[in-house]
Amino acid sequence: MAEPAIELVGIDKRFGVVHANRDIHLRVEKGTIHGIIGENGAGKSTLMSILYGFYQADNGEIRINAAPVRISDPNAAIALGIGMVHQHFMLVENFTVLENVMLGVEGAPLLKRGIAKARAELKRLEQEYQLDVDPDALIEELPVGLQQRVEILKALYRGAEILVLDEPTGVLTPAEADHLFRILEQLKAQGKTIVLITHKLREIMAVTDNVSVMRQGSVVATRKTAETTVEELAELMVGRRVLLRVQKGEAKPGEIKLSVENLTVRDSRGVVMVDNASFTVRAGEIVGIAGVAGNGQSQLIETVAGIRTAVSGRVLLDGQVIDITGAADPGELRDRGLAHVPEDRHHMGLVLAFEEYENSILGYHDDPLYLNGPFLDIEAIKADARKKIEKYDIRPSDPRLKTANFSGGNQQKIVLAREIERDPGVLIIGQPTRGVDVGAIEFIHKRIIEMRDAGKAVLLVSVELDEIRSLSDRILVMFAGRIVGERDSDASEGELGLLMAGVEQLEAAE
Amino acid sequence: MSQPFAKLPAWADYGLLPLINLIVAFFVAGLVVLLVGESPIDAAVLMVKGAFGSGDGVGYTLYYATNFIFTGLCVAVAFHCGLFNIGGEGQAYIGGLGVAVVGLGLGNVLPWWITFPLAIIASGLVGALWALIPAWLQAKRGSHVVITTIMFNFIAASIMVYLLVGYLKASGTQAPETRVFGDGGQLPGLGWLLGLIGLNMRSAPLNISFLLALVAAFLVWVLIWRTKLGYEIRTMGYSPKAARYAGISEVRIIVITMMISGALAGMMALNPIMGAQHRVQLDFVAGAGFVGIAVALMGRSHPAGIVLAAILFGMLYQGGAEIAFDMPNISRDMIVIIQGLVILFAGALEHMFRPTLLRILQRVARVKSQPTPAVAAEGGQ
């Protein structure tokens, strides 16, 4: 067996009553790519934060290259040769690549010498690992994939021998993700050790040598990637068998329920976010909108749901025009049978400080069912909330519990129960399973299919291409605010990936 | 990334933490007293005795508390909507105009039990209208309500000086104040209430607006936690995005909330004007609008907490006056310093001890709960 780069021995960490890491033993061999997979909330990020010195473990020992170490803060981690690429980049947007790389290790009060040194070193790193980036480009002008490369360069510049990547592909197109994996292979070939944290099974299978599965704060298994299967890992993650493929019958599209015509939306700075988009959604079908995050999908569904105003275009619900240019009222749209599960569950779909039952009427609080004149009929609301809790298996089953104390999956179920139980004609649903554990994903997908089979029109937006492909009857792809293509549900991932990256757009322009 | 600190249990959040803050505030205030060469123990005894030791002491304490309940509720209602109404001072001051109109106009012809409801409506209405302009500017134009309400305090002060000196002043006098209201413009005292618990109140101005303040506190609780409007206000306060999503009109809620807030401040004017002085004097609010901010902070924007915090500050005002009277080295300004320290620790530095307290409680909980039952790990991502 190769010698270990990292050994975690009996790591234990609590946050109040939450036991985030319990007695974790983990061994990462030098010069390998080690995957750590687990549901959201399984404790992966906490464990890596302990390794990187953000938190101190309550118990346990960390050994780097077989020597016991104390990592009191990120500087200590860097000194030990540990580099971290965070899920959300820690870059200064209006600095150049070079300035970002040398930030914090400038070397002297005057920058001139430091800059020269950094430039030479950056050049060497680029050649050694084929990490090409223009050192003088501004971060904000770089695409996300390159920004991530800068994060990797930052870590290498600080002498990282061990590189920890936390959910690195969340913001990348499939092609960018593949490119990242090639870079990781390259780094491995140079003898670096890489820890890859993810909840995507596909990535684990594609790139890792070994994989550890975390569940409820514990490492439940470690396998050689070549000797395991996607099914086994999924089962280990959830603790029971899961259906990874959604089972659904043929769609029976009916009349047009929702029709969007030449919709154009600008954001508050006047930048065009949705550019002349047109499409329809019929009763009994799921239309999925694929795209890399930030290509206008959010603005599109928020406009249709009456939250944002459009510059031009029309939206028709059941053949009736919705006023989208003026003050569209989400409340009125609800009355007309349009339900909306928003992408931003934490700030839009729920008020986290509310008790569960209070959130179970958000948006429907005008319904006389929940009111006694100007007063809330709290008993009626709670009874209603209890029914939904039971039907959607929301846990813990306590309508008085603060919403922030529910897990992501259960929070999403609260929103879904509220919106679906109103029996809407049209359901708009954004990122239905973001931050949701695998067990709940299965449940949520089933509900969405049920809505379709009940003859409802479903408009689905997700950055998870797998989700779009398995749920949708038709797939629209958005790039830079435009709908750049429509495909059937059996379109290949590669084909969609090219559309998402705007490749056809570029070719058409040439 | 995980939240490094979980939440405190309710009893610690609402009971223990304010108590610790208060103790520290009094400790530092004690050092100040020591510094000027007086005994902090004696001063503390004087303060408590002055505030609660006699019928008049209690009467004054509750009289001041009445002002602070109104202004505290004013700040709290706006807080629940995510608005920081610093204009309580001005809204209360200008609310005095409403009281003046009723007191001067009807005080000689109608009995108090008819003028009182009229004065409640008039003072509340004037206060609400004074809050309407900043509310409208915030809702429609995005002008920050903190800035505009501060400005409106100055405008209110200037208008009141102008009116008192030029129009409301009784003819033939030098003082910038109205004439004394007729009998119908004077509220009955609450000596009988203190009499029930065996206290004898002779000269203290405690009057039935104290009871009105308690009713207002209860109604605010009903409004915030039991009505649809309160639900919408809280939704807006916690998350404007969620409010937009839920179809709640931002403009409507901001305007209504600020007007309720202003009305509560306006009603404060009843207590000193109709209840105590029976006339409108210059600067009768005397900073109560600002104390209301500290009261609302300390009371966690909950009416029950506000009533308690208001009584605490009433005690500081009344007991402080006694200290200044009996200890020659301690002037009125020293009292202001001590009050300021309480506000600093109880209000502004409210979160100073929170992390430490949390850590201690966690350690206690851990010792108690071993071995721990399995809890779904939530602190992961």
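Given the structure is predicted, the values throughout are model-derived calculations rather than measurements.

Thresholds, definitions, all that
- Residues numbered from 1 in each chain as written.
- Chains lettered and ligands numbered in written order.
- Predicted model: local features only at pLDDT ≥ 70, side-chain atom pairs only at ≥ 80, totals over all residues.
- Helix = DSSP H or I, 4+ residues; strand = E, 2+ residues; numbered from the N terminus.
- Rg over C-alpha atoms; globule rule 2.2 N^0.38 Å.
- Buried ≥ 20, exposed ≤ 12 C-beta atoms within 10 Å, placed from the backbone.
- Contact = placed C-beta atoms within 7 Å.
- Domains from an automatic or database assignment.
- Pairing = 2+ DSSP bridges.
- Axes fitted to C-alpha atoms, helices over the stretch in contact; angles between N-to-C directions.
- Parallel < 35°, antiparallel > 145°, perpendicular 65-115°, else oblique.
- Nonpolar A, V, L, I, M, F, W, Y, C, P; charged D, E, K, R; others polar.
- Expected span 1.5 Å × (residues − 1).
- pLDDT = per-residue confidence, 0-100.
- Left-handed = near helix turned anticlockwise from the far one by under 90°.

**Section: the overall build of chain B**
- Check the secondary structure of chain B and you find 16 helices and 0 strands.
- Radius of gyration (C-alpha) of chain B: 23 Å, near the 21 Å computed for a compact globule of 381 residues.
- Considering only C-alpha atoms, chain B reaches an extent of 80 × 60 × 40 Å along its principal axes.
- Buried residues in chain B amount to 51% of all 381 residues.
- Sequence separation of at least 24 residues holds for 78% of the intrachain contacts in chain B that already meet a minimum separation of 6.

**What about the domain arrangement of chain A?**
Residues and elements named next belong to chain A.
- By the assigned domains, chain A splits into domain 1 (4-238) and domain 2 (256-346 + 425-509).
- Of note, the centres of domain 1 and domain 2, computed from C-alpha atoms alone, are 33 Å apart.
- With 10 residues of domain 1 at the contact, the number on the domain 2 side is 12 residues.
- Breaking the side of domain 1 that touches domain 2 down by element, the ones donating at least two residues are helix H6 (174-189) and helix H8 (230-238).

**Comments concerning unusual backbone geometry**
Residues and elements named next belong to chain A.
- A cis amide bond links Arg 395 with the next residue in sequence, Pro 396, at an omega value of -5 degrees.
- Structurally, the position occupied by Pro 396 is in the loop between helix H13 (378-391) and helix H14 (408-420).
- One non-glycine residue with positive phi stands out, namely Gln 216, at about 50 degrees.
- Along the polypeptide, Gln 216 turns up in the loop between strand E9 (210-215) and strand E10 (218-224).

**Topic: the sheet that holds strand E11 (residues 256-266) of chain A**
Residue and element names in this part refer to chain A.
- Overall, antiparallel pairing links the 4 strands, which are arranged E12-E11-E14-E15 in an open sheet. With partners counted over all chains shown, the strands left at the sheet margins are strand E12 (272-282) and strand E15 (320-322), one partner each. Here the average twist between neighbouring strands, direction ignored, is 25 degrees.
- The sheet contact formed by strand E14 (residues 312-317) and E15 spans 3 bridges and is antiparallel. Each bridged residue has a counterpart across the sheet, and for Val 315 the counterpart in E15 is Ile 322.
- Across the sheet, helix H9 (residues 297-304) is in contact with E11, E12 and E14; its angle to E12 comes to roughly 60 degrees.

**Focus on the pairing of strand E4 (residues 59-64) of chain A**
All names here are of chain A.
- Bridge count for strand E1 (residues 4-15) against E4 is 5 bridges, and the pairing is antiparallel. Counterpart to Val 9 in the pairing with E4 is Glu 61.
- Two elements, E4 and strand E5 (residues 67-69), share 3 bridges in a ladder whose sense is antiparallel. Of the residues in E5, the one forming a bridge with Ile 64 is Ala 67.
- Counted along the chain from E4 to the antiparallel partner E5, the turn is 2 residues long, and its residue Asn 65 has a positive phi close to 50 degrees.

**What to know about the packing of helix H3 (residues 55-80) of chain B against helix H11 (residues 250-268) of chain B**
All names here are of chain B.
- Running from N to C, H3 and H11 point in directions that differ by 175 degrees, and their axes come no closer than 8 Å. Taken as axis vectors, H3 and H11 run roughly antiparallel relative to one another. Together, Asn 67, Phe 70, Thr 71, Leu 73, Cys 74, Val 77 and Ala 78 of H3 and Thr 257, Met 258, Ile 260, Ser 261, Leu 264, Ala 265, Met 267 and Met 268 of H11 make up the contact between the two elements.
- In terms of residue class, the contact of H3 with H11 is built from 11 nonpolar, 4 polar and no charged.

**Some remarks on helix H13 (residues 288-298) of chain B**
Residues and elements named next belong to chain B.
- Here H13 lies mainly inside the structure; 10 of its 11 residues are buried.
- Among all positions in H13, only Ala 288, Gly 289, Val 291, Gly 292, Ile 293, Ala 294, Val 295, Ala 296, Leu 297 and Met 298 are buried.
- Positive backbone phi, approximately 55 degrees, marks Arg 300, located one or two places after H13.

**Let's talk about helix H15 (residues 438-453) of chain A**
- With 16 residues, H15(A) should reach 22 Å at 1.5 Å per residue; the first-to-last C-alpha distance of 23 Å fits that figure.
- Positive backbone phi, at 85 degrees, marks A:Gly455, one or two positions downstream of H15(A).

**Things to note about the pairing of E10(A)**
Residues and elements named next belong to chain A.
- Direction of pairing for E9 relative to E10: antiparallel, over a ladder of 6 bridges. Each bridged residue has a counterpart across the sheet, and for Ser 212 the counterpart in E10 is Thr 222.
- Between E9 and E10, which pair antiparallel in sequence order, lie 2 residues; one of them, Gln 216, sits at a positive phi of approximately 50 degrees.

**Points about the environment of B:Met151**
All names here are of chain B.
- Looking at where Met 151 falls in the secondary structure, it is placed in helix H6 (residues 145-168).
- Residue classification places Met 151 among the partly exposed residues on the basis of 16 C-beta atoms within 10 Å.
- It is 24 Å that separates the C-alpha atoms of Met 151 and Leu 168, two residues lying 17 residues apart in sequence.

**Let's talk about the confidence of the model for chain B**
Residues and elements named next belong to chain B.
- Taken residue by residue, chain B gives an average pLDDT of 88. The fraction at 70 or more is 94%.
- A low-confidence stretch, residues 371-381 stays under pLDDT 50, and its non-local contacts, those more than four residues away or across chains, total 35 contacts.
- With pTM at 0.80, the complex prediction returns an ipTM value of 0.82.

**Comments concerning the packing of H13(B) against helix H14 (residues 303-326) of chain B**
All names here are of chain B.
- In contact at an axis separation of 8 Å, H13 and H14 are set at 130 degrees when each is read in the N-to-C sense. By the criterion of interaxial angle, the relationship of H13 to H14 is oblique. H14 is crossed by H13, and the crossing has right-handed handedness. Residue-level inspection shows Val 291, Val 295, Ala 296 and Met 298 of H13 in contact with H14, the latter providing Ile 306, Ala 309, Ala 310 and Phe 313.
- Its residues assigned to classes, the contact of H13 with H14 comprises 8 nonpolar, no polar and no charged.

**Concerning the sheet that holds strand E3 (residues 33-38) of chain A**
All names here are of chain A.
- The mixed open sheet is built from 6 strands, whose spatial order is E6-E7-E8-E3-E9-E10. The open sheet terminates on both sides in strands that have one partner only, identified here as strand E6 (82-85) and E10. When the angles between neighbouring strand axes are averaged without regard to direction, this sheet yields 20 degrees.
- Bridge count for E3 against strand E8 (residues 193-198) is 5 bridges, and the pairing is parallel. Residue pairing for E8: Ile 33 is matched across the bridge by Ile 194.
- Docked against the sheet, H6 engages E3, strand E7 (162-166) and E8, running at close to 150 degrees with respect to E8.
- Packing of H8 onto the sheet brings it into contact with E3, E9 and E10, and relative to E9 it is tilted by some 30 degrees.

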